[in-house]
Structures are given as structure tokens and as C-alpha cells.
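Breakdown of the fold
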Amino acid sequence: MPNWIKNTVTKRIFTVVSFSLLVLGVFVNLVALKVSSFQWSVDYVNQIMVSYIIIGLFFLIFENRFLVVTAFLCAASLALLMKETTNARIKSPLRNNQPKFRVSLCNISDIDSDPDKVFSYILKNDPDIVVFEEFTPDWESVINEKMASHFSLKVQLPRIDAYGLLIFSKLNTLSIDTFYYEQYPIVRLNCKIYDKLLNTYCTYISPNIDKGTRDSRDGQLNFLEKLVSMDSTDKVVTGVFNTVAWAAELQDFRSNTGLSNSRNGYVPTVYTNSGGFFNRPLTHIFYSTGLECISFTVNRADNDEFGVQSTFQFKNRQ
């Protein structure tokens, strides 16, 4: 290796400045969890953590042991932060003899591959409920032609903006309710699986772009929180929340509703047609304490990620 690079990396002033910047990066992410102005930092904690590991390897090559340890400790701190703010499970619960059902959540705007492959992937996994987000009139005939005949129930709210919904279900549906926060819809399906009741909520939450959209997002989450909190039935809540699972807003939402996230982690992908390294996990399926998530997968066709899928079972009653 060039001696001048090694000499620079091992100098005291370089070590002090680098140490300060590394620690500052972790501090910013800790603060960002509670300060919405730093939302951009929260969204990319995963990528920042990976970057710390890469930086640590760089310092390892140039034999600055102090900065190697610092970088790896910073990465470990962010990893611990992610673990504590997500529903990290060592392993999925064992299958029991209670009823099971599968929910697939698909964001139409994320579909970059052949739509036929997307529909084939969904049907191959045999979901009981499929939710299409950002459903516009342009997709109405395309999706219905491929999907409708496989399900007993269809609920569609096509819109020209991002808030359209299309829901298919095989479950015995007792009632369908549509709630609105301002002009934003939330659909609730009340279903019966054998002798068990289940409510499924479907929504799309505004992205955090500016103060206006941030206020709209907070209002939608508060409205959804009240609906879910007043509901004593076992439930799942699906949607494009446009917020990562470890952000303060979703942490508060989960805490106040008692819901868990079916995601048990997230690893940035290298596939550019699914957002690449800077992609963020913004689609979520939450579930109540009477349910267990026994499987979680990312919906993917040709390395194109377009949603998530979770399999649930009802807990054994003691």
C-alpha cells in the first residue's frame, strides 16, 4: 500500500477528527428517532450501519486499530438500535393447530417487471387476502382479468392519486367498512375463519415530504390508531406507510395499539430495479397479540420487490 496513505490514516489529528465524525454520526441517528427534521437519517440507518462496517474495513487495511474498533462499535450500536425498535425474532413460532391465513401486500407503483410474472408469483403463494396499493383506473382491467376469478370477494377504490385500493379475499367476509380521514380511505374487512373473527385494515399513509404532508401523515396515523385501539377483535393492519419501521411515528403507533410488525429485519439489496442499496422498507403488515406471524417474505419477481407477504396463525388459548 502507498506509504503516504498509511502515514495519513495513522496520524493523530486524522484519528481524532475521524473518531469525532464517526461518533457524531451515531448520535445524529439516535436524535433522529425523535426529531422529524432528521427523518432522512432515520430512513437510511440500515445503509449507514453497513457503511460503518465498510469504513472499519478500510481502517483495518491501513492498520489504524483504534478507528477500526470505533467504526465497528458504531455499527454495533446502530444494529442494537435497529433490533430494539423492530420486531426481531430469532425464529418464527412453531405451527399450531389453530386457523392460519396469508396476507399479501403489493404496491403497484413498485412493479417494474412483467406484470404477468407479478400476478403469477402472487397466485403461486396462494394468499387468502391480497391488497393492491396505489390502485389507479389504468390497472383496473389488467388486475381483474388475472386475479378476480381466484377470489370470492373484491373491494376496489380506484383513484388517480396514490390512495387507491384494490382488495381480494377468499375468506368468509361478514362486513366491509370504509372510513375516511379527510379524503384518505381506510378499508376494514370483518372476516370469519372457522370459529375465529379477524379484522383486516388496509390503508395508504402520506409520505413525509414537507410540513403539509407530515401533518397529514400524523393525522392519518392518529385516526388509524383510534380505530385499531377501539377494536378488540384479532386484527392485521396493512399498508404503504411511507415510513421505516424504526421511525418514532411507527414506534408510537405500535406502542399505542399493541401491534407487532411482521417484518423481523431488513437488508439493503443490490438490485437496482428494486431500489438498490438505498431502498427503504416502507410497506408493513402489523398484527395484534392474539396472532402469531409464522412466515414473512418479500414479494419479488425478477429481483423486483413490489411488496410483502405474511402468514399468520391464531394463538393457542390458555
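Residues numbered from 1 in each chain as written. Predicted model: local features only at pLDDT ≥ 70, side-chain atom pairs only at ≥ 80, totals over all residues. Heavy atoms only, no water.

Considering the overall build of the protein chain
Helix and strand counts for the protein chain stand at 9 helices and 12 strands. The 318 residues of the protein chain split such that 51% are buried. For the protein chain, the accessible surface area stands at approximately 15,200 Å², while carbon and sulfur atoms represent 56% of it. (Helix = DSSP H or I, 4+ residues; strand = E, 2+ residues; numbered from the N terminus. Buried < 20%, exposed > 50% of the residue type's maximum accessible area, 1.4 Å probe, protein only. Areas by Shrake-Rupley, 256 points an atom, 1.4 Å probe, with all protein chains shown as cover.)

Looking at the packing of aromatic side chains
According to the stated counting rule, one finds 16 aromatic pairs in the structure shown. Their ring planes at 40° and their centres at 5.4 Å tell us that Phe19 and Phe66 sit as a pair that is tilted. With Phe19 in helix H2 (residues 12-32) and Phe66 in helix H5 (residues 65-84), this pair connects stretches of sequence that are 47 residues apart. A relative accessible area of 33% means that Phe19 is categorised as partly exposed. A relative accessible area of 47% places Phe66 in the partly exposed class. On the numbers, 4.5 Å between centres and 40° between planes, the contact of Tyr163 with Tyr184 is tilted. Of the two residues, Tyr163 is situated in the loop between strand E3 (153-157) and strand E4 (165-169) and Tyr184 in strand E6 (residues 184-193); the sequence distance between them amounts to 21 residues. (Phe/Tyr/Trp six-rings, centres within 6.5 Å; stacked < 30°, edge-to-face > 60°.)

Topic: the sheet that holds strand E12 (residues 304-314)
Taking strand neighbours across the sheet as the criterion, the 6 strands line up as E3-E4-E2-E1-E12-E11 in an open arrangement whose pairing is mixed. The two strands at the open ends of the sheet, each matched to only one other strand, are E3 and strand E11 (291-301). Pairs of neighbouring strands in the sheet enclose a mean axial angle of 15°, with direction left out of account. Relative to strand E2 (residues 129-133), strand E1 (residues 100-107) runs parallel, the two sharing 5 bridges. (Pairing = 2+ DSSP bridges. Axes fitted to C-alpha atoms, helices over the stretch in contact; angles between N-to-C directions.)

Looking at the environment of Asn125
Looking at the secondary structure, you find Asn125 in the loop between helix H6 (115-124) and E2. On the basis of relative accessibility, which here comes to 23%, the residue Asn125 falls in the partly exposed class. Distance from Asn125 to Asn299, taken between C-alpha atoms, is 9.7 Å for residues 174 residues apart in sequence. Excluding anything up to four places from it in sequence, Asn125 contacts Arg102 and Gln309. (Contact = heavy atoms within 4.5 Å.)

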